[in-house]
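Here are the chains, one letter per residue:
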Amino acid sequence: MSQSATSLHPQSVLIGNVRVPNRVVLAPMSGVTDAPFRRLAARLGAGLVVSEMTASAALVEGRRDVVLRTEGRGLGIHVVQLAGCEARWMAEGARIAEAGGAAIIDINMGCPARHVTGGEAGSALMRDLDHALTLIDATVQAVAVPVTLKMRLGWDDRTINAPELARRAQAAGVRLITVHGRTRCQFYKGSADWRAIRAVKEAVTIPVVVNGDIGTFADADAALAASGADAVMIGRAAEGRPWLPGQIARYLAGGRREGAPVLATQFAIIDELYDELLTHHGLRIGLRHARKHLGWALDAAAESADAPPELLRAERQRVLTADDPMAVRRHLADSFEAFGAWQRVAA
């Protein structure tokens, strides 16, 4: 256990007037962090969970699929992340999210996807900090709840301007900064540079969250030590493992390293999530949306059971090609039983 990551830091984070109970945040991930997944991760111990990136203009238009992204029913602290490139839509989108129960509005200036940056939103805003500040100003002034900001280190290695954007964002009223330790041009290649985030931490007095490649207890310790950040954000490592943010939060608070839940618990978690996804999205969209979660859950279970690749391939084929929900759940139960049988034999 790293002392710098535990006992020398407070075990909660204050965002304006909102106190987050621990130092682990579930990252906003398009197609992943819908309301059912966020509720599950929060119940399993994540201190804060953030909605999928939501286009502010589409939210103002009232598109059903976009409004669904901002649902916060059953969440203690509801965070809606907005993206956009026009101040009027960012302001109005923030007002709509606040009226819908958001306790925090997060601004996306970190998404590297071409369909986002091509519209001059997401991390493209790091190429024009003056314009980025107009969006921040409009959002902060539109709502009474705290506003936070997620960014990357910069557009590319020649323009590492995260510290400057963070300083200016704090001056505009932003209450927390999250930094993914890559540039936009890196996308998700290479390794996140946690040490580079220290310059952001040194540039502001508000809390800073380190993000990128954090998937283990050791990663969390190393990321906090390198960056000096106040909290960590867990992204792709939580896919299929919604318990992971809570486990890392408890580790940072007390040094206890928990293993993955037993297979029976993992099955109960994915079975519940599957039902919630179908209810949330409707049957047609929910079936398609749930497949990725089912695949990730099977991957996690196979890893827990130390199952051979051929068994995992067979179970994925059986579960992920079924269309009837009852058949899916039956195959899923059979898959977990097969992993459990392998685990018992191997032991």
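Overview of the structure. (Residues numbered from 1 in each chain as written. Predicted model: local features only at pLDDT ≥ 70, side-chain atom pairs only at ≥ 80, totals over all residues. Heavy atoms only, no water.)

**Describing the pattern of salt bridges**
Any two side chains of opposite charge can pair if their charged atoms end up close together. Per the counting criterion, the structure on display carries 24 salt bridges. For Arg168, the salt bridge goes to Glu164, with nearest N and O atoms at 3.7 Å. One end of the pair, Arg168, and the other, Glu164, are both in helix 7 (residues 162-172), four residues apart, so they sit about a helical turn from each other. For Arg168, a relative accessible area of 28% puts it in the partly exposed group. A salt bridge links Asp230 to Lys201; the shortest N-O distance between them is 2.7 Å. One end of the pair, Asp230, is in the loop between helix 9 (217-227) and strand 11 (231-234); the other, Lys201, is in helix 8 (residues 198-203), with 29 residues separating them in the sequence. Linked by salt bridges that have partners in common, Arg39, Glu71, Arg73 and Glu276 make up one network. (Salt bridge = Lys/Arg side-chain N within 4 Å of Asp/Glu carboxyl O. Helix = DSSP H or I, 4+ residues; strand = E, 2+ residues; numbered from the N terminus. Buried < 20%, exposed > 50% of the residue type's maximum accessible area, 1.4 Å probe, protein only.)

**Regarding the sheet that holds strand 7 (residues 104-109)**
Strand pairing in a sheet relies on backbone hydrogen bonds, with the paired strands running either antiparallel or parallel. Read across the open sheet, the nine strands follow the order 4-3-11-10-9-8-7-6-5; overall the sheet is parallel. With one partner strand each, in any of the chains shown, strand 4 (48-49) and strand 5 (54-55) form the two edges of the open sheet. Here four bridges tie strand 9 (residues 177-180) to strand 10 (residues 208-211), and the two strands are oriented parallel to one another. From the neighbouring strand, Val179 faces strand 10, where its bridge partner is Val210. (Pairing = 2+ DSSP bridges.)

**So, the packing of helix 13 (residues 309-320) against helix 14 (residues 325-346)**
Running from amino to carboxyl end, helix 13 crosses helix 14 at an angle of 170°, the nearest separation of the two axes being 9 Å. If you check the angle between helix 13 and helix 14, you find them roughly antiparallel. Residue-level inspection shows Leu311, Leu312, Glu315, Arg318 and Val319 of helix 13 in contact with helix 14, the latter providing Val328, His331, Leu332, Asp334, Ser335, Ala338, Phe339 and Trp342. Grouping the amino acids of the contact of helix 13 with helix 14 by side-chain chemistry returns eight nonpolar, two polar and three charged. (Axes fitted to C-alpha atoms, helices over the stretch in contact; angles between N-to-C directions. Parallel < 35°, antiparallel > 145°, perpendicular 65-115°, else oblique. Contact = heavy atoms within 4.5 Å. Nonpolar A, V, L, I, M, F, W, Y, C, P; charged D, E, K, R; others polar.)

**Looking at the packing of aromatic side chains**
Under the defined criterion, the tally for this structure stands at three aromatic pairs. Note on Phe217 and Tyr251: the rings are 5.0 Å apart at their centroids and 45° apart in plane angle, and the pair reads as tilted. Taken together, the residues Phe217 in helix 9 and Tyr251 in helix 10 (residues 244-254) connect sequence positions 34 residues apart. Overall, the relative accessible area of 12% leaves Phe217 in the buried class. Clustering of aromatic rings is evident, with ring pairs tying together Phe267, Phe336 and Phe339. The side chain of Arg127 reaches across the aromatic face of Trp155, ending 4.0 Å from its centre. We note Arg152 situated over the ring of Tyr188; from NZ or CZ to the ring centre the distance is 4.9 Å. (Phe/Tyr/Trp six-rings, centres within 6.5 Å; stacked < 30°, edge-to-face > 60°. Lys NZ or Arg CZ within 6 Å of the ring centre and 35° of its normal.)

Geometry only, nothing functional implied.
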